[in-house]
Amino acid sequence: MSNKIENQKIDTYSKNAEIVASIENVSKKFCRDLKKSLFYGVQDIATDLIGGRRNSAQLRTGEFWALKDINFHLRRGEALGLVGANGAGKSTLLRVISGLIKPDTGCVRVRGRLAPLIALGAGFNPILTGRENVYANMSILGLSKNEINERFETVVDFAEIADAIDAPVQTYSSGMAARLGFASAIHTQPDILLIDEVLAVGDIKFKAKCYRRLHELRQNGVSFILVNHNPQAILNICDSAVYLSKGQMMAFGETATILNQYEQDLFSGKLENYSGAMYFPLKSEHESLGLDLVSICFKSPEGDIGKPIISGESTVLCVTFFAHQKFNDVNIHLKITELRQQGNTVLLLSNKNDGMSFDVNSGEHEIQLKIPYLSLVPGSYTMSIKLKEGSLGTFDLVESFKFTVQSDVNMGISMINQQRVWEIKSKL
Amino acid sequence: MPSEIVHTPESLLKHPLKLLKQMRQDLLASRELAWQLMVRDIRAQYRQSLLGIAWAFLPPIITAIGFTLANEAKVINIQATNIPYPAYVIFSMALWQTFVEALNGPIQAVTLAKPMLARVNFPREAIILAKLGEVFFNFAIKLILIVVVFIWFRVPVSWTVILAPVALIHLVMLGTLIGILLSPLGALYQDVSKGLTMATGFWLFLTPVVFPVPKEGMFGLLVRLNPVTPLLVTTRELATTGIVSDSLSFWIVSIITIIGLLLTWIAFRLAMPYVIERLSS
């Protein structure tokens, strides 16, 4: 079902667009041992020269798959985001697509001029002036001298360094050099742009200008493959995304869905998927302070334990405890801390603050916190739970009850999931 | 509709026609880039140097002074040369230096261009061509010295001097051939450039640069088996006496060089992607 929706979305923006790059079953192996790696390089060259078979689909000792069976395609005017943790193979994939290194299995088909924004200012010589470097750099990217002459003014204007263009590049600030590199690369009129986290340079104003320029290029049918660690940037620009993890392609589809999956894996999935339930062993008589926690869990409104906790849906937090005798004024304190970013406390709840108190007889009891609409955004959280008498005496406590909140939709940088209803009222 | 480029793991040798077509295309496409790179490198080189073009003059002059002094003091025993000895050494040394530059050129080019090679896909021929251009540029500067020396020592010049550039080009091609052959390995292992420095030092003594071609003995045989000998000697002879002493060896070495250069070029193209994947990006 969700697949169907994704496909429809992709089709709507480029139904008739032709495929400009297709990546079919591409794998690439690498070796971490330098000596071995160099030796394998020589071995590969020798085999290739005598026209032998490299058996490139087999791993040799010490090798691993940096990319394994990657499949996706890029249409004209489409922007595709590559996401994945460090070392997931994003840059390697870009290098295979640009034809710098040969795939070990599968093949890459590319139609049109491909410009890498991988190396800003590749071949910049610090001794030479900005002007000389622009000429050298743009010819490396495949332009003739006349073409560079035509574009030179535009490039310098775009980079905003007209007054420094005849100074040696070594006198430039890093931002200036990067701006000049970006300006040179983007004015080569590519059909496909490969952008590897280069938009991180420059000040906000220049960044905004770059994004504007990228937008214009897209209007003209340029396709992008964008690698960026900022999910928001990918979400803003890209129609579709590929999620890589340790060389494997985890998913390919509509951006929001893929990013959501990526964030979930990044912040929780790989560590542990917290089931949202915790049980405690019985305490002996002398350990007990009279009230003992038995279990903590999230339940669906129907009462099922172990269902995923979904942001924006209803859920019930159940705290079960055993009372050895009768107590009055039993209170429960909950503190929820997010594990996603800085570890900020996001919620502090207690029935006492809400003007409620519970009186219990001896026996087992379950306190339910009913949450009709969970405002927590997707991510991992830890909760501390304290059972208290009045506001001072603590009976029992749990320091860390971890749970994961999931979501079907991406919330980007939102801190809370605001319950909401949209409406429009029009006067006729 | 632009044509489709396909990257596969297959060896390019499986499609030789396609390979040759690509090589021709890339060579044509790389002319302008090579020019740009050459201009860039030469500018950077001279802008960072106080002595500038003097570096093209100094080594032959210093060598010539050293050997002339040693020869006149009879410390070394060198047979009579058919042009004045200092002019002989300066001219031969300039030729030898040009050969060594052509030999080191491709390895230097690949090593220096590593960051560029690892990131941008451009015709790799360009960096080699740029280096070749630099070799000829440097020779052109040395030519000023040679002309001055020839006038100073009143060296007779035959009309065949107009053919000398052909032989010189063959000499440069031989150097380039060996350089290109070693360059992929040189990008991976530092041993190559170190070994090469040592080898060229020894090689110089097997080449008739500071002495005329020896006729006899084990040493004479080694010198005559040295492929640089016929090319360098023929260049020198064409420029001065006009009498080519060993045209057979010259043509054998030349033909092997030309065929070898084409094969080396193919090998270079095949090898580069493997080299690049072992370089850090």
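Residues numbered from 1 in each chain as written. Chains lettered and ligands numbered in written order. Predicted model: local features only at pLDDT ≥ 70, side-chain atom pairs only at ≥ 80, totals over all residues.

**Brief notes about the overall build of chain A**
Rules: Where helices and strands are cited, they refer to DSSP runs of H or I of at least four residues and of E of at least two residues respectively, numbered from the N terminus. Burial is judged by counting the other C-beta atoms within 10 Å of a residue's own C-beta: 20 or more makes it buried, 12 or fewer makes it exposed, and any count in between marks it as partly exposed, with every C-beta position built from the backbone. Each residue is represented by a C-beta atom placed from its backbone, and any two residues with such atoms within 7 Å are regarded as in contact.
Scanning chain A from terminus to terminus reveals nine helices and 19 strands. Residues classed as buried in chain A amount to 39% of the 428 residues present. For chain A, long-range pairs separated by at least 24 residues make up 74% of all intrachain contacts whose partners lie at least 6 apart in sequence.

**Things to note about the overall build of chain B**
The line we're drawing: In this description the radius of gyration comes from C-alpha coordinates, and the expected globular size is given by 2.2 Å times residues to the power 0.38.
Check the secondary structure of chain B and you find ten helices and one strand. Taking 19 Å as the expected radius of gyration for a compact globule of 281 residues, we find that chain B reaches 21 Å, a close match to that expectation. Projecting the C-alpha coordinates of chain B onto the three principal axes gives extents of approximately 70 × 45 × 35 Å. Within the span of chain B, comprising 281 residues, buried residues form 40% of the whole. At a minimum sequence separation of 6, the contacts of chain B that also span at least 24 residues come to 78%.

**Here we look at the nonpolar core**
We count it as follows: Nonpolar cores are built from buried Ala, Val, Leu, Ile, Met, Phe, Trp, Tyr and Cys residues. These are joined into a set through C-beta atoms within 7 Å.
Among the nonpolar cores identified, the biggest contains 141 residues, and A:Ile97 and A:Leu226 are the most heavily contacted of them. Top contributing element to this core by residue count: helix H3 (residues 85-112) of chain B, with 16 residues. Beyond its immediate stretch of four places on either side in the chain, A:Ile97 contacts A:Ala21, A:Ile23, A:Val108, A:Val110, A:Leu194 and A:Ile225. By size, the runner-up hydrophobic cluster in this structure holds 19 residues, among which are A:Ile309, A:Leu376, A:Tyr381 and A:Phe401.

**With respect to the interface of chain A and chain B**
Applicable threshold: Ten residue types, Ala, Val, Leu, Ile, Met, Phe, Trp, Tyr, Cys and Pro, are classed as nonpolar, four, Asp, Glu, Lys and Arg, as charged, and the remainder, Gly among them, as polar. In this analysis, strands are considered paired if DSSP registers two or more bridges between them.
Of the residues lining the interface, 45 residues belong to chain A; the matching set on chain B comes to 38 residues. Going through the elements one at a time, helix H2 (34-49), helix H3 (90-97), strand E4 (105-111) and helix H4 (130-140) of chain A are the ones with two or more residues in the side of chain A that touches chain B. Looking at the side of chain A that touches chain B element by element, the count peaks at eight residues for H2(A). The residue makeup of the side of chain A that touches chain B, split by class, is 21 nonpolar, 14 polar and ten charged. Here E4(A) pairs with strand E1 (residues 4-7) of chain B via four bridges, running antiparallel. When the sheet's bridge partners are listed, A:Val110 is paired in E1(B) with B:Ile5.

**Describing the environment of A:Arg53**
Residues and elements named next belong to chain A. Tracing the chain through its elements places Arg-53 in the loop between H2 and strand E2 (63-75). Since 10 C-beta atoms lie within 10 Å of it, Arg-53 is described here as exposed. Sequence-wise, Arg-53 and Val-330 are 277 residues apart; in three dimensions their C-alpha atoms are separated by 76 Å.

**Things to note about the sheet that holds strand E13 (residues 315-323) of chain A**
Residues and elements named next belong to chain A. Rules: Interaxial angles span 0 to 180 degrees and are taken between N-to-C directions of axes, which are lines fitted to C-alpha atoms, for helices over the stretch in contact.
Read from one edge of the open sheet, four strands run E10-E11-E13-E17, paired in antiparallel fashion. With one partner strand each, in any of the chains shown, strand E10 (277-279) and strand E17 (363-371) form the two edges of the open sheet. Between one strand axis and the next, the sheet turns by 20° as a mean value, whatever way the strands run. Looking at chain direction, strand E11 (residues 291-299) and E13 are connected through eight bridges and run antiparallel. Among the inter-strand pairings, Phe-298 is bridged to a residue of E13, identified as Leu-317.

**Looking at H3(A)**
In an α-helix, one turn spans 3.6 residues, which is why side chains three or four residues apart end up on the same side. All names here are of chain A. Across the eight residues that make up H3, a large majority, seven, are buried. When H3 is considered as a whole, its buried residues turn out to be Lys-90, Thr-92, Leu-93, Leu-94, Arg-95, Val-96 and Ile-97. Phi turns positive, to about 80°, at Gly-99, one or two residues after H3.

**Comments concerning the packing of H4(A) against helix H6 (residues 174-186) of chain A**
Residue and element names in this part refer to chain A. Quick reminder of the rule: Any angle from 65 to 115 degrees is called roughly perpendicular, while one under 35 is roughly parallel, one over 145 is roughly antiparallel, and all others are oblique. Helix crossings get a hand from a simple test, with the near helix turned counterclockwise from the far one by less than a right angle marking a left-handed crossing and a clockwise turn marking a right-handed one.
One way to put it is that H4 packs onto H6 with a least axis distance of 10 Å and a crossing angle of 40°. Between H4 and H6, the interaxial angle falls into the category oblique. The chirality of how H4 crosses H6 is right-handed. Note on element contacts: H6 touches H4 through Leu-180, Gly-181 and Ser-184, opposite Gly-130, Val-134, Asn-137 and Met-138. Residues belonging to the contact of H4 with H6 are distributed by class as follows: three nonpolar, four polar and no charged.

**Observations regarding the pairing of E13(A)**
Here E13(A) runs beside E17(A); their pairing, made up of nine bridges, is antiparallel. Its bridge partner lying in E17(A), A:Cys318 is registered against A:Gln368.

**Considering H6(A)**
Put simply, the test is: For a helix, the expected span equals 1.5 Å multiplied by the number of residues minus one.
Between the first and last C-alpha of H6(A) there are 18 Å, a value that for 13 residues agrees with the 18 Å anticipated at 1.5 Å per step. Across the 13 residues that make up H6(A), a large majority, eleven, are buried.

**Considerations on the environment of B:Thr229**
Residues and elements named next belong to chain B. By the secondary structure assignment, Thr-229 is in helix H9 (residues 228-239). Thr-229 sits 20 residues away from Ser-249 along the chain, and the two C-alpha atoms are 9.0 Å apart. The contact partners of Thr-229, leaving out residues within four places of it in the chain, are Thr-207, Pro-208, Val-213, Val-223 and Arg-224.

**Focus: the environment of A:Asp329**
With respect to the helices and strands, A:Asp329 occurs in strand E14 (residues 327-338). Apart from residues lying up to four places away in sequence, A:Asp329 is in contact with A:Ser357, A:Glu389 and A:Gly390.

**Quick word on the packing of H3(B) against helix H5 (residues 125-152) of chain B**
All names here are of chain B. Where H3 meets H5, the closest approach of the two axes is 9 Å, and the angle between their N-to-C directions is 170°. Viewed along their axes, H3 and H5 adopt a mutual orientation that is roughly antiparallel. Taken as a pair, H3 and H5 cross one another with a handedness that is right-handed. Residues that form the contact of H3 with H5 fall into these classes: 18 nonpolar, four polar and three charged.

**Structural notes on the confidence of the model for chain A**
Applied cut-off: pLDDT is a residue-level measure of predictor confidence that goes from 0 to 100.
Summing up the model confidence of chain A, the mean pLDDT is 82 and the portion of residues at 70 or higher is 89%. Taken as a whole, residues 269-273 of chain A scores under 50 in pLDDT and shows four contacts with residues more than four places along the chain or in a different chain.

**Comments concerning the confidence of the model for chain B**
Residue and element names in this part refer to chain B. Averaged over every residue, the pLDDT of chain B is 88; the share at 70 or more is 99%. The lowest-confidence element of chain B is E1, averaging 82 in pLDDT; the highest-confidence one is helix H6 (residues 164-188), averaging 93. Overall fold confidence for the complex sits at a pTM of 0.73, while the interface term, ipTM, reaches 0.78.

**Topic: the pairing of strand E7 (residues 223-227) of chain A**
A regular strand places its side chains on the two faces of the sheet in alternate fashion. All names here are of chain A. The element E7 is largely enclosed, with a buried count of five among its five residues. Both faces of E7 are covered, namely the face carrying Ser-223, Ile-225 and Val-227 and the face carrying Phe-224 and Leu-226. Here strand E3 (residues 79-83) pairs with E7 via four bridges, running parallel. Considered in E7, the bridge of Leu-80 is made with Ile-225.

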